[in-house]
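# Residue-level structural notes
Read off the chains here:
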Amino acid sequence: MPMLRIKGLTHYFGGLKAVDDFNLDLGKDEIVGLIGPNGAGKSTVFNLACGLYRPSEGELSFEGTNLIGKFPHQITSLGIGRTFQNIRLWNELSVLDNLRIAHFSQIKYGILDAFFFSSRLRADESKLIEEARQLLEQFNLTNFENELPRNLPYGLQRRVEICRALVMKPRLLLLDEPAAGMNPGEISELMDLVRWVRETFKVTVWIIEHQMRVIMGICDRIKVIDFGRTIAEGTPVEIRNNPKVIEAYLGEEVVV
Ligand code: ADP
Ligand code: MG
């Protein structure tokens, strides 16, 4: 059984068919790319998979559990983590608090515990902080735990966002254009980081990216969409030489 199974996924925004009959099976430990020109429907596919939108049609399951109708926090709890095309960190909170807050849907204590500030709550809290600190250390972010994200260089903000996506111990990680806005040095670091994350946290990675160097360099296979429809699937070498893909990207500024 594939980890993530998507069948016939279709989504309309009013009269616009943003995603049209999208199919994909994701296996364990793969790094799979989703590419296509601007407006192709890539982020919408992620938003459907994470429960931000409910698909107009189609099937969506994760490790055998139907995801249709589930709320985003439920999908996170099932084991799917993600980052956003535009970084979504809480800029008024420190880096450490950004990680702590990501835990909220996992906390086991109830309102009465919180009211009486029970020992269970305190035990949970200190465990969360300890786990968050450990994760920050693995990501070489310990020195920045008290910083506000907006004061960090862009590459580091991305690193914090990926780190935060791992707080809930996902088995599938979705990255939406993680290299957007990065300089060549940051892009190389990001590629190493994604490979390292896959190895260290044993996650399957599904990545949307416009930077071809990233896609060609780290993906086991790639799916290409244009106007919501799949136009090609294959290995990086197959995709690089596919005339339909080259045509779809004509007029776009693609960094190879
Ligand atoms: P990509 O990520 O491939 O650039 P998107 O998934 O963001 O593309 O968008 C696909 C299409 O759907 C675009 O035409 C976009 O304008 C439209 N779209 C995306 N989100 C919305 C929305 N919330 N409401 C209406 N139209 C949307
Ligand atoms: Mg997008």
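Our structure's up above, just so we're on the same page.
Because the structure is predicted, anything quoted here is derived from the model rather than measured. As a convention, each chain's residues are numbered from 1 in the sequence order in which they are written. For naming, the first written chain is A and the first written ligand is 1, with later ones following in the order written. Reporting in this predicted model follows two pLDDT cut-offs: at least 70 for local features of residues, and 80 or more for side-chain atom pairs to be given and counted; totals over whole chains, interfaces and linings ignore these cut-offs and use all residues. Note that the side-chain values use all heavy atoms of the structure and ignore hydrogens as well as water.

## Topic: the coordination of the magnesium ion (ligand 2)
Note the threshold: For Na, K and Ca the donor cutoff is 3.2 Å, while for all other metals N, O and S atoms must lie within 2.8 Å; water is not among the atoms, so some sites may look incomplete. Working definition: helices are DSSP H or I runs of at least four residues, strands are E runs of at least two. Numbering for both runs from the N terminus. Exposed residues in this analysis have more than 50% of their type's maximum accessible area, buried residues have under 20%, and partly exposed residues fall in between, with area computed by a 1.4 Å probe over protein chains only.
Protein coordination at the magnesium ion (ligand 2): the donors are Ser-43 (OG) and Gln-85 (OE1), at 2.1 to 2.2 Å from the metal. Residue Ser-43 is found in helix α1 (residues 42–49), and its partner Gln-85 is found in the loop between β6 (80–82) and α3 (95–101); the two are separated by 42 residues along the sequence. Accessibility expressed as a relative area gives 31% for Gln-85, which makes it partly exposed.

## Focus: the packing of aromatic side chains
Just so we agree on the cut-off: Working definition: rings of Phe, Tyr and Trp (its six-membered ring) pair if their centres are within 6.5 Å, and the pair is stacked with planes under 30 degrees apart, edge-to-face with planes over 60 apart, and tilted otherwise. Distance and angle both matter: a charge sits over a ring if NZ of Lys or CZ of Arg is within 6 Å of the ring centre and within 35 degrees of the ring normal.
Per the counting criterion, the structure on display carries 6 aromatic pairs. A ring pair is formed by Phe-13 and Tyr-53, whose centres lie 5.3 Å apart and whose planes are at 85 degrees; its orientation type is edge-to-face. With Phe-13 in strand β1 (residues 4–13) and Tyr-53 in the loop between α1 and β4 (57–62), this pair connects stretches of sequence that are 40 residues apart. For Tyr-53, a relative accessible area of 33% puts it in the partly exposed group. Taking 6.3 Å as the distance between ring centres and 35 degrees as the angle between the ring planes, the aromatic pair formed by Phe-22 and Trp-206 counts as tilted. Of this pair, Phe-22 sits in strand β2 (residues 16–26) while Trp-206 sits in strand β8 (residues 204–208), and the two are 184 residues apart along the sequence. Exposure remark for Trp-206: the relative accessible area of 1% places this residue in the buried category. Members of the aromatic cluster, each reached through a chain of ring pairs, are Phe-22, Phe-46 and Trp-206. Geometry around Phe-84 places Arg-88 over its ring, the cationic atom sitting 3.9 Å from the centre.

## Section: the sheet that holds strand β7 (residues 172–176)
To be explicit about the condition: Whether two strands pair depends on DSSP finding at least two bridges between them. To get an axis, fit a line to the C-alpha atoms, keeping to the stretch in contact for a helix; angles then go from 0 to 180 degrees between the N-to-C directions. What makes two residues a contact is simply this: any of their non-hydrogen atoms within 4.5 Å.
Read from one edge of the open sheet, 6 strands run β6-β7-β8-β3-β9-β10, paired in mixed fashion. One side of each edge strand has no neighbouring strand; the edge strands of this open sheet are β6 and β10 (229–234). Recorded for the sheet is a direction-independent mean angle of 20 degrees between the axes of neighbouring strands. Its contacts with the sheet place α1 against β3 (31–35), β6, β7, β8 and β9 (221–226), and it is angled at close to 145 degrees to β8. Relative to β7, helix α6 (residues 154–165) is tilted by about 155 degrees, and along the sheet it contacts β6 and β7.

## Points about the sheet that holds strand β5 (residues 65–66)
Taken in spatial order, the 4 strands line up as β2-β1-β4-β5 in an open sheet, and their pairing is antiparallel. The open sheet has two edge strands with one neighbour each: β2 and β5. Where β4 lies against β5, 2 bridges are found, and the strand directions are antiparallel. Bridging from a neighbouring strand, Phe-62 pairs with Thr-65 of β5. Against the sheet, α1 contacts β1, β2 and β4, and its axis sits at roughly 65 degrees relative to β2.

## Here we look at the packing of α6 against helix α7 (residues 184–201)
The condition is simple: Any angle from 65 to 115 degrees is called roughly perpendicular, while one under 35 is roughly parallel, one over 145 is roughly antiparallel, and all others are oblique. Take the far helix as your reference; a near helix turned counterclockwise from it by less than a right angle gives a left-handed crossing, and one turned clockwise gives a right-handed crossing. Gly counts as polar in this scheme, as do all residues outside two lists: the nonpolar Ala, Val, Leu, Ile, Met, Phe, Trp, Tyr, Cys and Pro, and the charged Asp, Glu, Lys and Arg.
Direction vectors running N to C along α6 and α7 enclose 15 degrees, while the axes themselves pass 11 Å from each other. One way to sum up the angle between α6 and α7 is to call them roughly parallel. The element α6 and its partner α7 pack so that their crossing is right-handed. Residue-level contacts link Tyr-154, Gly-155, Arg-159 and Ile-162 of α6 to Glu-186, Glu-189, Leu-190, Leu-193 and Val-197 of α7. In the contact of α6 with α7, the residues fall into 5 nonpolar, 1 polar and 3 charged.

## Notes on the pattern of salt bridges
Note the cut-off: In what follows, salt bridge is the name for a side-chain nitrogen of Lys or Arg lying within 4 Å of a carboxyl oxygen of Asp or Glu.
Going through the model one piece at a time under the given rule, you end up with 16 salt bridges. With its nearest N and O atoms 2.9 Å apart, the salt bridge here joins Arg-100 to Asp-97. Here the residue Arg-100 and the residue Asp-97 both occupy positions in helix α3, the gap between them amounting to 3 residues, near one helical turn. On the accessibility criterion, Arg-100 (26% relative accessible area) is partly exposed. Exposure remark for Asp-97: the relative accessible area of 25% places this residue in the partly exposed category.

## Concerning the site of ligand 1
Under the convention used in this document: Residues are classed as near a molecule or strand on a simple rule: at least one heavy atom within 4 Å of it. Polar contact is the term for a pair of N or O atoms within 3.5 Å; when the atoms are in protein, one must be able to donate a hydrogen and the other to accept it, and sequence-neighboring residues count only if both atoms are side-chain atoms. In short, Shrake-Rupley with a 1.4 Å probe defines the accessible areas, and a residue's cover is counted only from the protein chains shown.
In the region of ligand 1, the neighbouring residues are Phe-13, Leu-16, Ala-18, Pro-37, Asn-38, Gly-39, Ala-40, Gly-41, Lys-42, Ser-43, Thr-44 and Tyr-53. In this structure, Ala-40 approaches ligand 1 through a main-chain N or O atom, which is 3.1 Å from an oxygen atom. A distance of 3.3 Å separates a nitrogen atom of ligand 1 from a polar side-chain atom of Tyr-53. Isolated, ligand 1 exposes 560 Å² of accessible area, and the fraction of that covered by the protein chains is 61%. Breaking the shell around ligand 1 down by element, the ones donating at least two residues are β2 and α1. Here the shell around ligand 1 takes 3 residues from α1, the largest share from any one element.

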